[in-house]
Amino acid sequence: MMVTQAVDVIDASGHVDPSSPAPGQLEKIRRFVNTLDLEAGSDALTTPAALTAWLAAHDLLSNGAGGTASAAEVAQAVALREAFRAVLITHVQPAQDEPGVPPVPALRELAAGLPIQLAISDDGQVRAEPAADGATGSLTRLLLIAADAATTGTWTRLKVCGADDCRWAFYDRSPTKTGCWCTMSICGSRAKSRSYRRRAKRRPDRVSSEPA
Ligand SMILES: [Zn+2]
């Protein structure tokens, strides 16, 4: 998806600015999910070198330890990305509306295979951290970011666009938390016409005055 312009936080039909960053570390998950651009057909995580570079660029590799990712880690990263995406769509619409693999078991299964340990800081604070270096450790770090977001209440604001040909991750900053789609000028054209029809049904008096 080409993100070329910012819009208001949310419009009356639930379209939001898809380039609006998530707060703090959660932005890393938003960007991780968006390494696959369904609309453009591009994927930034196709090789071990590409995965390693992406993780390093997002400060997710611990001191560069662990060397280049393996092919298995690329597969694991892609599986985690799509498990995240499947969960994030449930933040827009209930899971029972979504065909295919149930979102939570997929993420649960991946989480079970990622090594986490408890670390005690010098001042006695307990925190969870990855128990591996390299890409596996980085993927674990992403899951821990999701755990933090759940405790701060930001996790359910991280969503993916409800259009099945888009699924771009965005952070819903709207007071009502009702964002469901990318703004119409940015989202896929099929989604655009679909939501246009929906809006036309609902708000026939205002559609003609709004930008496409
Ligand atoms: Zn979209």
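Residues numbered from 1 in each chain as written. Predicted model: local features only at pLDDT ≥ 70, side-chain atom pairs only at ≥ 80, totals over all residues.

## Points about the overall build of the chain
Quick reminder of the rule: Each helix corresponds to a stretch of at least 4 residues labelled H or I by DSSP, and each strand to a stretch of at least 2 residues labelled E; elements are numbered beginning at the N terminus. Counting other C-beta atoms within 10 Å of a residue's own tells you its class, since 20 or more makes it buried, 12 or fewer makes it exposed, and anything in between is partly exposed; those C-beta atoms are placed from the backbone. Here, residues touch in the contact sense if the C-beta positions derived from the backbone fall within 7 Å of one another.
Across its full length, the chain carries six helices and eight strands. Per-residue burial for the chain yields a buried fraction of 34% across its 212 residues. Counting contacts in the chain only where the partners sit at least 6 residues apart, residues at least 24 apart contribute 59% of the total.

## Thoughts on the packing of helix α3 (residues 71-89) against helix α4 (residues 103-112)
Note the threshold: In this description, a line fitted to the C-alpha atoms serves as the axis of each element, helices being fitted only across the stretch in contact, and the angle between N-to-C directions of two axes falls anywhere from 0 to 180 degrees. Less than a right angle of anticlockwise turn of the near helix away from the far helix marks a crossing as left-handed, whereas a clockwise turn marks it as right-handed.
At a closest axis distance of 8 Å, the pairing of α3 and α4 adopts a crossing angle of 145°. Between α3 and α4 lies a crossing whose hand is left-handed. Facing Ala79, Leu80, Ala83, Phe84, Ala86 and Val87 of α3, the residues of α4 in contact are Pro103, Val104, Ala106, Leu107 and Leu110.

## Description of the packing of helix α1 (residues 26-33) against α3
Each pair of packed helices gets described by two things: the angle between the helix axes and the distance between those axes. The condition that has to hold: Roughly parallel refers to an angle under 35 degrees, roughly antiparallel to one over 145, roughly perpendicular to one between 65 and 115, and oblique to any angle outside these ranges. Note that Gly is not counted as nonpolar here; it falls among the polar residues with everything else outside the nonpolar set of Ala, Val, Leu, Ile, Met, Phe, Trp, Tyr, Cys and Pro and the charged set of Asp, Glu, Lys and Arg.
Close contact between α1 and α3 brings their axes to 9 Å; oriented N to C, the two are set at 105°. Here α1 lies roughly perpendicular to α3, going by the angle between them. Mapping the contact onto sequence places Ile29, Phe32 and Val33 in α1 and Arg81, Phe84, Arg85 and Leu88 in α3. Taken together, the residues that form the contact of α1 with α3 break down as five nonpolar, no polar and two charged.

## Some details on the environment of Val160
Secondary-structure assignment places Val160 in strand β6 (residues 158-160). A tally of 27 C-beta atoms within 10 Å means that Val160 is categorised as buried. Remark: the alpha-carbon pair of Val160 and Tyr171, spanning 11 residues in sequence, is separated by 8.4 Å. When near neighbours in sequence (up to four residues on either side) are disregarded, Val160 contacts Val33, Arg85, Leu88, Ile89, Val92, Arg167, Trp168 and Ala169.

## Focus: the pairing of strand β4 (residues 116-120)
Definition in use: Pairing between two strands requires that DSSP report at least two bridges joining them.
Counted residue by residue, β4 has zero buried out of five residues, so it is predominantly exposed. Bridge analysis of β4 against strand β5 (residues 126-130) gives five bridges, and the strand direction is antiparallel. Bridging across to β5, Ala119 finds its partner in Arg127. Connecting β4 to the next strand, β5, in antiparallel fashion are five residues, including Gly124 with a positive phi near 85°.

## Overview of the environment of Thr68
The topology assignment puts Thr68 in the loop between α2 (48-57) and α3. Distance in space between the C-alpha atoms of Thr68 and Ala49 is 6.3 Å, their sequence separation being 19 residues.

## With respect to α2
Note the threshold: Working definition: the arc comes from the directions between the helix axis and the C-beta atoms, pointing outward to the latter.
Of all the positions in α2, only Leu51, Thr52, Trp54 and Leu55 are classed as buried. The arc that holds the buried residues of α2, viewed along the axis, is 165°, so those residues lie on one side. Of the exposed residues in α2, those oriented more than 90 degrees away from the buried face are Ala49, Ala56 and Ala57. Close packing links the buried residues of α2 with α3 and α5 (134-152). Asp59 lies just past α2 and shows a positive phi near 60°.

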